[in-house]
Amino acid sequence: MKRVVVGLSGGVDSSVTAYLLKEQGFEVIGLFMKNWHDDSVTISNECPWLEDSNDAMIVAQKLEIPFQVVDLSEQYKERIVDYMFDEYEKGRTPNPDVLCNREIKFDVFMKIALQLGADFVATGHYCRKAEGNIDGKTIYKLLAGKDANKDQSYFLCQLSQEQLAKSLFPIGELTKPQVREIAKNADLITAEKKDSQGLCFIGKVRLPEFLQQKLQPKEGEIVQIPEDFHEYSRQIPTFETKEAELAYFSSKYSYKKLDGKVVGKHQGAHYFTKGQRKGLAVGGTKEPLFVIETDVNENIIYTGEGKNHPGLYRNVLFVANDEIHWIREDLALKNGETMSLKARIRYRQALENAILYKVVTGLYIEFENSQSAIQEGQFVAWYQNDELLGSGVIS
């Protein structure tokens, strides 16, 4: 009998994951990961992890499976929280959920599970795993979940072959309503529970306050850049090579304070990310202002009016060599090779046509359509049909 350790989070998805595995005849163990201690920055008064671990325990009792809480808050702080502060300080926008899967759930947590003699680790992610055989070697594939609304393959875009080999995603073939239905029929306490939001396992966190623990507020100016800023209509040079063209279009616009007008004040450029419109508190414009660039050195936020402002859009991005990750190592591009596929630069974004170009220093991704708010530090993930082949950190 194969043993599976399920990451029970106290939500409906992981509850049904455990239920289905038990139905399929696995020996199931439920583990709840505690990743956070500081309740001063969570928004709700109730302590989310206590409530969630309690729900997870009740589900485990109902399913008659062993259950325990593992405290991973130290590793979480080191690998996720410190990294986040560091990235925000540099003016980049990290994605804690992608990292939490790579570093915590499928690394630290997986090692604990394997020490408990588990054959597999299972999570309530909406994605699927498939196997192929290439030259007598098993290759694991990460596929999008069947429920297009809930597909969470993007969050697992940094997993490796070793991690996928030991992973199971039992609800990947189901839609969210089907999952809730199964939970209801199995009389699980989490059947109607709302989906959690906020940082992976922290509960709802006020991001500025969270960042303020480490990053000191520092008043600076908000500058509005007009739509007819001269750089937007610049003469495009003729390029000797495709690589020179890609390098040109992947570089972002650079602004100086004199390029626009000062329209307000902010409390720290490192609290803002590209594409953001909340929290600017500047009135008097027809359309809302969006952040088009932040300068953490000069502590200036550059904004543009309306979501179609040219400063928001680019169609090429770059991933440096040490940030390229192929789930399908067998398909990794060599220098000079290209590949046509689909890609996304954020969760819940529709897949967009793109071409990958491998060059000596890294990988260019050229989108057919310009993308809004390409943000350094975020992950770009690329797909063929519904298979996620690889991903990288946007530089």
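First things first, this report covers the structure right here in the doc. Along each chain, numbering runs from 1 in the same order as the chain's sequence is written. Since the coordinates come from a predicted model, pLDDT governs what is reported: local features require at least 70, and pairs of side-chain atoms require 80 or more to be given and counted, while whole-chain, interface and lining totals use all residues. Hydrogen atoms and water are omitted, and side-chain values are computed over all heavy atoms in the structure.

Across a regular strand the side chains alternate sides, sitting on one face of the sheet and then on the other. Two strands are said to pair when DSSP picks up at least two bridges between them. The secondary structure listing takes helices from DSSP runs of H or I that are at least 4 residues long and strands from runs of E that are at least 2 residues long, numbered from the N terminus. As judged from the 8 bridges shared by strand E5 (residues 127-134) and strand E6 (residues 137-144), these two strands associate in the antiparallel manner. The residue of E6 that forms the bridge with Cys127 is Ala144. Between the antiparallel neighbours E5 and E6 lie 2 residues, among them Asp135 with a positive phi of about 50 degrees. In the sheet, E6 pairs with strand E18 (residues 387-393) via 2 bridges, with the strands oriented antiparallel. Looking at the pairing, Leu142 lines up with Leu388 of E18.

So, on to the state of the cysteines. Our working definition of a disulfide is a cysteine sulfur pair at a distance within 2.5 Å. Here the structure, examined in full by the defined rule, presents 0 disulfides. Cys127 forms no disulfide, and the closest cysteine sulfur to it belongs to Cys157, at a distance of 11 Å. Think of it in three bands: with a 1.4 Å probe and only protein chains considered, a residue is buried below 20% of the maximum accessible area for its type, exposed above 50%, and partly exposed in between. On the basis of relative accessibility, which here comes to 0%, the residue Cys157 falls in the buried class.

In this section: the packing of aromatic side chains. Each Phe, Tyr or Trp ring (for Trp, its six-membered ring) is paired with any other whose centre lies within 6.5 Å, and the angle between the two planes then decides the class: stacked below 30 degrees, edge-to-face above 60, tilted in between. Counted according to the given criterion, the structure contains 12 aromatic pairs. Geometrically, the ring pair formed by Tyr154 and Phe155 is edge-to-face, given 6.0 Å between the ring centres and 65 degrees between the ring planes. Its relative accessible area of 14% is what places Phe155 among the buried residues. With a centroid separation of 5.3 Å and an interplanar angle of 40 degrees, the aromatic rings of Phe229 and Tyr255 are classed as tilted. In this pair, Phe229 sits in the loop between strand E8 (220-224) and helix H8 (242-250) while Tyr255 sits in the loop between H8 and strand E9 (261-266), placing the two residues 26 residues apart along the sequence. Relative accessible area serves as the criterion here: at 5%, Phe229 is assigned to the buried category. You can call Tyr255 buried: its relative accessible area is 8%.

Our next topic: the pairing of strand E17 (residues 379-384). The buried fraction of E17 amounts to 5 of the 6 residues, a majority that puts the element mostly inside the structure. Where strand E14 (residues 338-344) meets E17, 3 bridges bridge the pair, whose relative direction is antiparallel. Bridge pairing links Ala343 to Trp382 in E17.

The subject of this paragraph is the environment of Lys265. You can see Lys265 is positioned in strand E9. Residues Lys265 and Val360, 95 residues apart in the sequence, show an inter-C-alpha distance of 42 Å. For this analysis, residues touch if any pair of their heavy atoms sits within 4.5 Å. Setting aside chain neighbours within four positions, we find Lys265 in contact with Glu219, Gly220, Glu221 and Ile222.

What follows covers helix H2 (residues 48-63). Here a helix's expected span is defined as the number of its residues, less one, multiplied by 1.5 Å. Along its 16 residues, H2 runs 23 Å from first to last C-alpha, staying within 8% of the 22 Å computed at 1.5 Å per residue. Taken as a whole, H2 has its buried residues at Pro48, Asp52, Ser53, Asp55, Ala56, Val59, Ala60 and Leu63. Relative to the axis of H2, the buried residues are bounded by an arc of 160 degrees and lie together on one face. Of the residues flanking the end of H2, it is Glu64, one or two places downstream, whose phi is positive at about 55 degrees. Here the arc refers to the set of directions running from the helix axis out to each C-beta atom.

The nonpolar side chains of a soluble globular protein tend to be buried with one another. In this structure, Ile104, Phe109 and Leu142 are the most contacted members of the largest nonpolar core, which totals 53 residues. The element contributing the most residues to this core is helix H4 (residues 96-115), with 9 residues. Setting aside residues up to four positions removed in sequence, Phe109 forms contacts with Val5, Val6, Gly7, Leu31, Met33, Val70, Leu72, Ile104 and Val121. Core analysis: the second largest hydrophobic core is formed by 27 residues, Leu8, Phe26, Ala56 and Ala183 among them. Residues grouped as a nonpolar core are buried Ala, Val, Leu, Ile, Met, Phe, Trp, Tyr and Cys residues, joined through side-chain atoms within 4.5 Å.

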